[in-house]
Amino acid sequence: GQELKMALVRADKPRRDLVIGGGPAGMEAARVAALRGHQVTLYEKAEELGGQFRLASVPPGKQEILPYLKYQARQLEKNKVKVVLGREADASTVAELKPDVVVLATGGSPKVPDIPGIRGQNVVTAQDVLSFKAITGKRVLVAGGGMVGCETAHLLATYGRDVTIVEALPELAGDMSSGPRHYLLQGLEEHKVKVITSACIESVTPQGVSCQRDGLAEMIKGMDTIVLAMGALPASELAKQLEGKPAEVHVIGDARNPANAMEAIAAGAEVGRAI
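Source: prediction; values computed, not measured.

Student: Tell me about the sheet that holds strand β9 (residues 194-196), and name the residues and values.
Tutor: Working definition: the strands of a sheet are paired by backbone hydrogen bonds and lie parallel or antiparallel to each other. With respect to topology, five strands assemble into an open sheet ordered β6-β13-β7-β8-β9, the strand pairing being parallel. Only two strands of the sheet have a single partner each, and these edge strands are β6 (123-125) and β9. Direction aside, the axes of adjacent strands within the sheet are offset by 25° on average. As paired elements, β6 and strand β13 (residues 225-228) share three bridges and run parallel to each other. Looking at the pairing, Val-124 lines up with Val-227 of β13. The strands touched by helix α6 (residues 147-158) within the sheet are β7 (139-143), β8 (162-166) and β13, with β8 carrying the most contacts at an inclination of about 170°.

Take a look at the structure:
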């Protein structure tokens, strides 16, 4: 519904733009800015573009994300965006390049709540699982039943893990639209994923995971691995370091406020038209 407001207009004065972060927000910001005639450089600390959106393509039924990432990478190439992979840009990078505009699309980091025992050796993040940096044991507890937690649980269950989801809210995947949510919940049921809702995790001990449910304490025993899927925090430290510097700075996507990919892409498109 924003077609009339989102027309691409060539910039009156082309500028040198530096986009830091190659996830969905950063790629779209770079693409749109380049289309408007700016000289754009994009830095991504990983060896490939995509950010968290690439991890989102790992769970069952999500592989259709990959063609979009390939499309965006091709658009950056066609529009002569200089892409630097495998190097993390910092304040010294900005000082070296001296851009007119810096767009920070550095994403978010997994939220690790202040719960006793939560940093134990058998505790990993959903991002670690989806990137195959962590291999879980046979019995897995997924802490957090939003979209990321449920999709991670579904993936693990397809690999033969015995999975239990613990979610603080009364329902699972409340952050998803109805169609995808229906099929995801159906997949969890088919793979016999156990679900515990309206339960808050209070501690992780060698004996198990202690939860509070309906005012009663409950101990979930025998879990080999705990997978955290309890949200994200903005990775916006660089924005503070750039305060007072000559470059115009914009913070978008999860670096500003963790949300879904559609909102991140929309934020990239908006800032690409504004700078």
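Student: Account for the sheet that holds strand β11 (residues 208-213), with residues named and values stated.
Tutor: One open sheet accounts for three strands, arranged β10-β11-β12; its pairing is antiparallel. Of all the strands in the sheet, the pair left with one neighbour each is β10 (199-205) and β12 (216-220). This sheet shows a mean twist of 25° between the axes of neighbouring strands, independent of strand direction.

Student: Account for the pairing of strand β4 (residues 101-104), naming residues and giving values.
Tutor: Residue alternation in β4 divides its side chains into two sets, Val-101 and Val-103 and Val-102 and Leu-104, and both sets are buried. As paired elements, strand β1 (residues 16-20) and β4 share four bridges and run parallel to each other. Bridge pairing in β4 places Leu-18 opposite Val-102. Where β4 meets strand β15 (residues 248-251), four bridges bridge the pair, whose relative direction is parallel. Following the sheet pairing, Leu-104 is matched in β15 by Val-251.

Student: Describe the side chain of Thr-197, naming the residues involved and giving the relevant values.
Tutor: Considering the arrangement of structural elements, one finds Thr-197 in the loop between β9 and β10. Here Thr-197 falls in the buried class, since its relative accessible area comes to 18%. Once you skip the residues sitting within four places of it in the chain, Thr-197 turns out to touch Glu-167, Leu-169, Pro-170, Leu-172 and Arg-213.

What counts and what doesn't
Residues numbered from 1 in each chain as written. Predicted model: local features only at pLDDT ≥ 70, side-chain atom pairs only at ≥ 80, totals over all residues. Heavy atoms only, no water. Pairing = 2+ DSSP bridges. Helix = DSSP H or I, 4+ residues; strand = E, 2+ residues; numbered from the N terminus. Axes fitted to C-alpha atoms, helices over the stretch in contact; angles between N-to-C directions. Contact = heavy atoms within 4.5 Å. Buried < 20%, exposed > 50% of the residue type's maximum accessible area, 1.4 Å probe, protein only.

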